[in-house]
Amino acid sequence: MTLAPASPPALAARARSTGGSPVRDILAVTARPEMINFAGGLPAPELFDRDGVAEAFRYVLEEAPAQALQYATTEGEPELREALAARTSARGLATTADDLLVTTGSQQALSLLATALLDPGDTVLVESPCYLAALQVFTLAGARIVAVPGDAEGPDPEALAELVVRERPKLLYTVPTFQNPTGRTLPAGRRAAIASVAARHGLWIVEDDPYGELRYDGERVPWIAAHPDAVDRTVLLGSFSKVMAPGLRLGWLRGPAELRRACVVAKQAADLHTPTVNQLAAARYLAVNDLDAHVAKVAAVYRERRDAMLAGLGEALPDGSVWNRPEGGMFLWARLPESYDTTALLPQVVRHDVAYVPGAPFYAGEPDRSTLRLCFVTQTPEEIGEGLRRLGKGLRG
């Protein structure tokens, strides 16, 4: 008698309970060339400095191939860390190379922090709505995720203080500048209040800043990490994805020594180190190119595209809709009248060859189903105008 083979063991509970990214799912469905896709968070590829990046790779492969193609330290290449420390210090936060850990994109930095800080069942506080991939990281870590009530300026510090006392969370995760998905920016006073709550009650702050250099209007607001109350309890995350190229997968983490060391151990277990050749190419690029000048050129184009989207939204969205005017970044957030469900409407809109991301997946708590996120940087103003025309037709059915 032949016995049927036994089934293999089940997936871990955290893997079974963590869904995929709705944004990635939408991008897979809307990859047709005729599609005007406002769903992705993709930088405009025609604005990449292809020549500068190519020259940097050629240089390191010709001048230092043994180093570029070899294993490296987990903390990151010294040349790159020195350059990153100088850029951070120039922006008002004194930083040395030893304060930094280079990561494989800032998304990995978030995963390393979850490994270093969170036990299953620990509470994490997040913004409402929140960056979707952060919710995935915290869910995969087995955390209990609680949204902090807020408004158009971000989390409410008084509500935050009440939650910290009641819930005893490990950390608050925030994208305070040009947030994903809303594009909003926390004002300086609110940043100071959040830092004060963390100091009074004992709380880690994870400050994610992938978009901060893409400012189109107004004045730069200092990092929470630069506030005296938060200096010993804030981890600042940065990335080259939006200002150099996402394909390099280069990010970094700046944080207190003990936590940074724990993240180094977590990274050793994850991937040993970030690719050496990419790090050296980025260091070479920073040494011979003016990244700030390049970012200024990109920002000028993105500003024009943001303005094109703002100019056309009134006709595209139903009467009674409201939306924000982000001072920078990549995203615009809109709320349709309460009777609209943007998740249910998306298939109808996609049939008109245009796409957005419904707002519901960005909420840790009860979602606002009438919301949606639009990315304005990937298309030209002409494509944005056409895309909004299609969006209006799709929403009207």
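Remember, predicted model here, so these are calculated numbers, not experimental data.

(A) Main features of the sheet that holds strand S11 (residues 322–323). What the four strands build is an open sheet, ordered S11-S12-S15-S14; its pairing is antiparallel. Both edges of this open sheet fall to S11 and strand S14 (357–358), since each of them pairs with a single strand only.

(B) Summary view of the packing of helix H6 (residues 106–117) against helix H7 (residues 132–140). Where H6 contacts H7, the axes come no closer than 9 Å and their chain directions differ by 30°. Regarding the angle of H6 to H7, the classification is roughly parallel. For the pair H6 and H7, the sense of crossing is right-handed. Only Ala 133, Ala 134, Val 137 and Phe 138 of H7 make contact with H6, whose side of the interface consists of Gln 107, Leu 110, Ser 111 and Ala 114. Partitioned by chemical class, the residues of the contact of H6 with H7 number six nonpolar, two polar and no charged.

(C) Representation of the pattern of salt bridges in the model. Tallied over the entire structure, the rule returns 24 salt bridges. Arg 166 serves as the salt-bridge partner of Glu 167, at 3.4 Å between the closest nitrogen and oxygen. Owing to a relative accessible area of 57%, Arg 166 belongs among the exposed residues under this scheme. Here the salt bridges do not stand alone but share partners, grouping Arg 87, Arg 91, Glu 213 and Asp 292 into one network.

(D) Spatial organisation of the environment of Gln 279. Considering the arrangement of structural elements, one finds Gln 279 in helix H11 (residues 276–288). Not counting chain neighbours up to four residues away, the residues in contact with Gln 279 comprise Gly 76, Glu 77, Leu 80, Val 102, Leu 250 and Thr 274. Looking at Gln 279, its side chain comes within polar contact range of the main-chain nitrogen of Glu 77, at 2.7 Å.

(E) Representation of the sheet that holds strand S10 (residues 251–254) in the model. Strand order in the open sheet formed by seven strands is S2-S10-S9-S8-S7-S3-S4, and the pairing between neighbours is mixed. Only two strands of the sheet have a single neighbouring strand rather than two, namely strand S2 (100–103) and strand S4 (144–147). Adjacent strand axes in the sheet meet at a mean angle of 20° when their direction is disregarded. For strand S7 (residues 171–174) and strand S8 (residues 204–208), the ladder comprises four bridges, and the chain directions are parallel. Looking across to S8, one finds that Thr 174 is bridged to Glu 207.

(F) Here's a closer look at the nonpolar core. Phe 138, Tyr 173 and Phe 240 are the most contacted members of the largest nonpolar core, which has 97 residues in total. The element contributing the most residues to this core is helix H12 (residues 291–316), with nine residues. Once you skip the residues sitting within four places of it in the chain, Phe 138 turns out to touch Leu 110, Leu 118, Val 124, Val 126, Ala 143, Ile 145, Leu 171 and Tyr 173. Counting 17 residues, the second largest nonpolar core, distinct from the first, contains Leu 160, Val 164, Ile 194 and Val 197.

(G) Region of interest: H12. With 26 residues, H12 should reach 38 Å at 1.5 Å per residue; the first-to-last C-alpha distance of 36 Å fits that figure. Measuring from the backbone nitrogen of Asp 292 back to the side-chain oxygen at the start of H12 gives 3.1 Å, which picks out Asp 290 as the cap.

(H) Seen up close, the packing of aromatic side chains. Tallied over the full model, the rule gives six aromatic pairs. Judged by centre distance (5.8 Å) and plane angle (85°), the ring pair of Tyr 211 and Phe 331 falls under edge-to-face. In this pair, Tyr 211 sits in the loop between S8 and strand S9 (234–239) while Phe 331 sits in strand S12 (residues 331–335), placing the two residues 120 residues apart along the sequence. Residues Tyr 211 and Phe 331 agree in their burial class; the two are buried. Put simply, the rings of Trp 333, Phe 362 and Tyr 363 pair up and form one aromatic cluster. One cation-aromatic arrangement involves Arg 220 over Trp 223; the distance from NZ or CZ to the ring centre is 4.6 Å.

Quick notes on the rules
- Residues numbered from 1 in each chain as written.
- Predicted model: local features only at pLDDT ≥ 70, side-chain atom pairs only at ≥ 80, totals over all residues.
- Heavy atoms only, no water.
- Pairing = 2+ DSSP bridges.
- Helix = DSSP H or I, 4+ residues; strand = E, 2+ residues; numbered from the N terminus.
- Axes fitted to C-alpha atoms, helices over the stretch in contact; angles between N-to-C directions.
- Parallel < 35°, antiparallel > 145°, perpendicular 65-115°, else oblique.
- Left-handed = near helix turned anticlockwise from the far one by under 90°.
- Contact = heavy atoms within 4.5 Å.
- Nonpolar A, V, L, I, M, F, W, Y, C, P; charged D, E, K, R; others polar.
- Salt bridge = Lys/Arg side-chain N within 4 Å of Asp/Glu carboxyl O.
- Buried < 20%, exposed > 50% of the residue type's maximum accessible area, 1.4 Å probe, protein only.
- Polar contact = N/O pair within 3.5 Å; in protein donor to acceptor, adjacent residues only side chain to side chain.
- Core = buried A, V, L, I, M, F, W, Y, C linked by side-chain atoms within 4.5 Å.
- Expected span 1.5 Å × (residues − 1).
- Phe/Tyr/Trp six-rings, centres within 6.5 Å; stacked < 30°, edge-to-face > 60°.
- Lys NZ or Arg CZ within 6 Å of the ring centre and 35° of its normal.

Distances and angles like these do not, on their own, reveal function.
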